[in-house]
Amino acid sequence: MTPTHHIPEDLLLSYATGSSEEAISLLVAAHITLCPQCRQTCEHLDEVGGTMVASLEPAEVSTDIMDKLVERLDEPLPEPAATASNTDSTYPRPLLSYLGDNAQPRWKTSAPGLYLVRLPFALEKQPVHLAQIRAGYTVPHHTHHGFEATLVLTGGFIDCGEHFERGDVAIRNEKFRHDVVMDSDEDCICLIVSDAPLIPLTFYGRLLQLFTPL
Amino acid sequence: MLAIPIALFARRPEYRGRRRLMADRRKDPMVELLLSIANRRDRHCFKQLFDHYAPRLTAYLQKAGCSIAVAEEVVQEVMLTVWRKADQYDPQRASANTWIYTIARNRHIDHVRKRRRPEPDPADPALVSPAARRTDDEMEIIERGKRLKEALGSLPEEQAAILERAYFQGESLRVIAEEMKIPLGTVKTRVRLALNRLRKAVTRPEFAL
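Anyway, here's the lowdown on the structure attached to this text. (Residues numbered from 1 in each chain as written. Chains lettered and ligands numbered in written order. Predicted model: local features only at pLDDT ≥ 70, side-chain atom pairs only at ≥ 80, totals over all residues. Heavy atoms only, no water.)

1. Here we look at the overall build of chain A
Item 1. Counting its regular elements, chain A contains six helices and eleven strands.
Item 2. A burial count over chain A gives 57% of its 214 residues as buried.
Item 3. Accessible area for chain A stands at about 9,800 Å²; split by element, carbon and sulfur atoms hold 54% of it. (Helix = DSSP H or I, 4+ residues; strand = E, 2+ residues; numbered from the N terminus. Buried < 20%, exposed > 50% of the residue type's maximum accessible area, 1.4 Å probe, protein only. Areas by Shrake-Rupley, 256 points an atom, 1.4 Å probe, with all protein chains shown as cover.)

Here it is as structure tokens:
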């Protein structure tokens, strides 16, 4: 089963060209692990970059660079950075280094049926959370101040009449006023990148917000 | 009797076309150099590769806003990475141009922007493979590179300018819109048109993905 809700091409382009924030890059890397179609688009965008750079007018290079380089060719290889390895495939590998030592999220209860972990980032402009939401739960009617992207890792939900499941990305902004209904057969774990806290539109939602930093 | 010469005549252009295609199907010398480095740690080949790429990478890094000193430092790191990781290069996945560009981009993000850029790991058990894996051979990749180059050269100036800012200056579309004083929607439309054109260039039926 491959995803049907993809990342828009302009975000893939900013990932490919290196302009996206770390939070968005993480979302893209996790999605393209699960989505061969967007992975292929990214490979194509790299091909475009490679062709553009290869076509540049060559610049002058000082002659001693190669000499310096030759001296370094025999240097011992740097220790390879310890790469996180996963035995179960719930979390795409790009996420693991953000989850801490045992590569398992340390869930904190935010509200009954809702668990959150905030991932550590050097740049805090865009908070990133992992959320685990109980099967059958409804996230009350709400909207957003800014951009919010959600990548489904387990389970699924229905939002604005569309079904999202593993690998799918839902991108929402202030134009959306919606509630989200989780599938009833499995807890939903998702990765959420957002610019701003969500704005609940119901009394129950506001009450819930007292608990939830989402 | 007359039909035979006409038939021969009619076939000739196609025949010629095929010959030309055969002639185009040379190996990419840069790929050969990379493979020699991977297999034999051939320093002479590395020097040739350096002579080809260092001036282009320097141009790229200078366009990206690096001073000459920083550009030189990053080029050294990139070429050292090429030397060390040549055995990881797979000519069936990417051209030498593309592979070396991605190393340069990553070093630049690391070194100058001090930012992490998570990437998918081909060995990840979570990785979902395409239903039908596209079978690239090296020649196809070279052909695609040529078509892409042609298509890039024929992009309207207003589209090419945006791609250059995105790839070389590493600007987001929002910043490009501000800098060029055009609406973000227009920038996005131009990017979409440009990328559609480039995709079309590499997905002509005979080079279908």
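And the narrative resumes.
2. A few points about the interface of chain A and chain B
Item 1. Across the contact, 63 residues belong to chain A and 64 residues belong to chain B.
Item 2. Buried area between chain A and chain B, both sides added, is near 6,000 Å², and the carbon and sulfur share of it is 62%.
Item 3. Scanning the region where chain A abuts chain B turns up eight salt bridges.
Item 4. In this structure, R105(B) and D46(A) form a salt bridge, with 2.8 Å as the shortest nitrogen-oxygen distance.
Item 5. On inspection of chain A and its partner chain B, the count reaches 24 residue pairs in polar contact (both at pLDDT 80 or more).
Item 6. Elements with a contribution of two residues or more to the side of chain A that touches chain B: α1 (9-17), α2 (22-34), α3 (36-54), α4 (64-72) and α5 (93-96) of chain A.
Item 7. Counting residues per element, the side of chain A that touches chain B draws most heavily on α3(A), at 16 residues.
Item 8. Taken together, the residues of the side of chain A that touches chain B sort by class into 29 nonpolar, 18 polar and 16 charged. (Contact = heavy atoms within 4.5 Å. Buried area = accessible area lost by both parts, 1.4 Å probe. Salt bridge = Lys/Arg side-chain N within 4 Å of Asp/Glu carboxyl O. Polar contact = N/O pair within 3.5 Å; in protein donor to acceptor, adjacent residues only side chain to side chain. Nonpolar A, V, L, I, M, F, W, Y, C, P; charged D, E, K, R; others polar.)

3. Concerning the nonpolar core
Item 1. Judged by nonpolar contacts, the single largest core of 103 residues is most densely connected at L119(A) and L49(B).
Item 2. It is helix α3 (residues 43-63) of chain B that provides the largest number of residues to this core, a total of ten residues.
Item 3. Apart from residues no more than four positions distant in its own chain, L49(B) is found in contact with M30(B), L33(B), L34(B), I37(B), M79(B), V82(B) and I100(B). (Core = buried A, V, L, I, M, F, W, Y, C linked by side-chain atoms within 4.5 Å.)

4. Some remarks on the layout of surface pockets
Item 1. Put simply, the second largest pocket is a space of about 730 Å³.
Item 2. Lining the second largest pocket are 23 residues, with L11(A), S14(A), Q126(A), S172(B) and R174(B) sitting closest to its centre.
Item 3. When the residues that make up the lining of the second largest pocket are grouped by side-chain class, the tally is eight nonpolar, seven polar and eight charged. (1 Å grid on protein atoms, 1.4 Å probe; cavity = no way out; pocket = protein on both sides within 12 Å on 5 of 7 lines; lining within 4 Å. Points joined across faces, edges and corners; volume = space filled by probe spheres on them.)

5. Re the sheet that holds strand β1 (residues 108-111) of chain A
Residues and elements named next belong to chain A.
Item 1. The strand order across the open sheet formed by six strands is β1-β2-β3-β10-β5-β8, and the pairing between neighbours is antiparallel. Either end of the sheet is taken by a strand with one partner, and the two such strands are β1 and β8 (169-172). Taken pair by pair, the neighbouring strands of this sheet meet at an average axis angle of 30°, ignoring direction.
Item 2. As defined by bridge partners, strand β5 (residues 148-154) adjoins strand β10 (residues 188-194) across six bridges and the pair is classed as antiparallel. What sits directly across from T150, in β10, is I192.
Item 3. Relative to the sheet, α2 contacts β3 (128-133), β5, β8 and β10, its axis offset from that of β5 by approximately 35°. (Pairing = 2+ DSSP bridges. Axes fitted to C-alpha atoms, helices over the stretch in contact; angles between N-to-C directions.)

6. Description of the side chain of D168(A)
All names here are of chain A.
Item 1. Note on placement: D168 falls in the loop between β7 (162-165) and β8.
Item 2. As a buried residue without a salt bridge, D168 has its nearest oppositely charged side chain in R172, at a separation of 10 Å.
Item 3. If sequence neighbours within four positions are ignored, D168 has contacts with P3, T4, H5, T150, L151, V152 and H163. (Lys, Arg positive; Asp, Glu negative; His and termini not counted.)

7. As for the packing of aromatic side chains
The geometry of an aromatic ring pair is captured by the separation of the ring centres together with the interplanar angle, meaning the angle of the planes.
Item 1. A complete count under the given rule lists six aromatic pairs over all chains for this structure.
Item 2. Where F157(A) meets F164(A), the ring centres are 5.3 Å apart and the plane angle is 25°; that geometry is what we call stacked.
Item 3. Above the ring of W83(B), the side-chain terminus of R41(B) is found at 4.3 Å from the ring centroid.
Item 4. Over the aromatic face of Y15(A) sits the side chain of R117(B), whose NZ or CZ is 3.8 Å from the ring centroid. (Phe/Tyr/Trp six-rings, centres within 6.5 Å; stacked < 30°, edge-to-face > 60°. Lys NZ or Arg CZ within 6 Å of the ring centre and 35° of its normal.)

8. Brief notes about empty space enclosed by the protein
Item 1. A complete count under the given rule lists four cavities of 30 Å³ or more for this structure.
Item 2. The computed volume of the second largest cavity comes to approximately 60 Å³.
Item 3. Taken together, T17(A), G18(A), Y60(B), A64(B), R105(B), H108(B), I109(B), R113(B), Y167(B), F168(B), Q169(B) and G170(B) form the lining of the second largest cavity.
Item 4. The element contributing the most residues to the lining of the second largest cavity is helix α5 (residues 96-113) of chain B, with four residues.

9. A few points about the environment of L173(B)
Item 1. Topologically, L173(B) is positioned in helix α8 (residues 173-180).
Item 2. You can call L173(B) buried: its relative accessible area is 10%.
Item 3. Apart from the residues within four sequence positions on either side, L173(B) is in contact with D10(A), L13(A), I162(B), L184(B), V187(B), K188(B) and V191(B).

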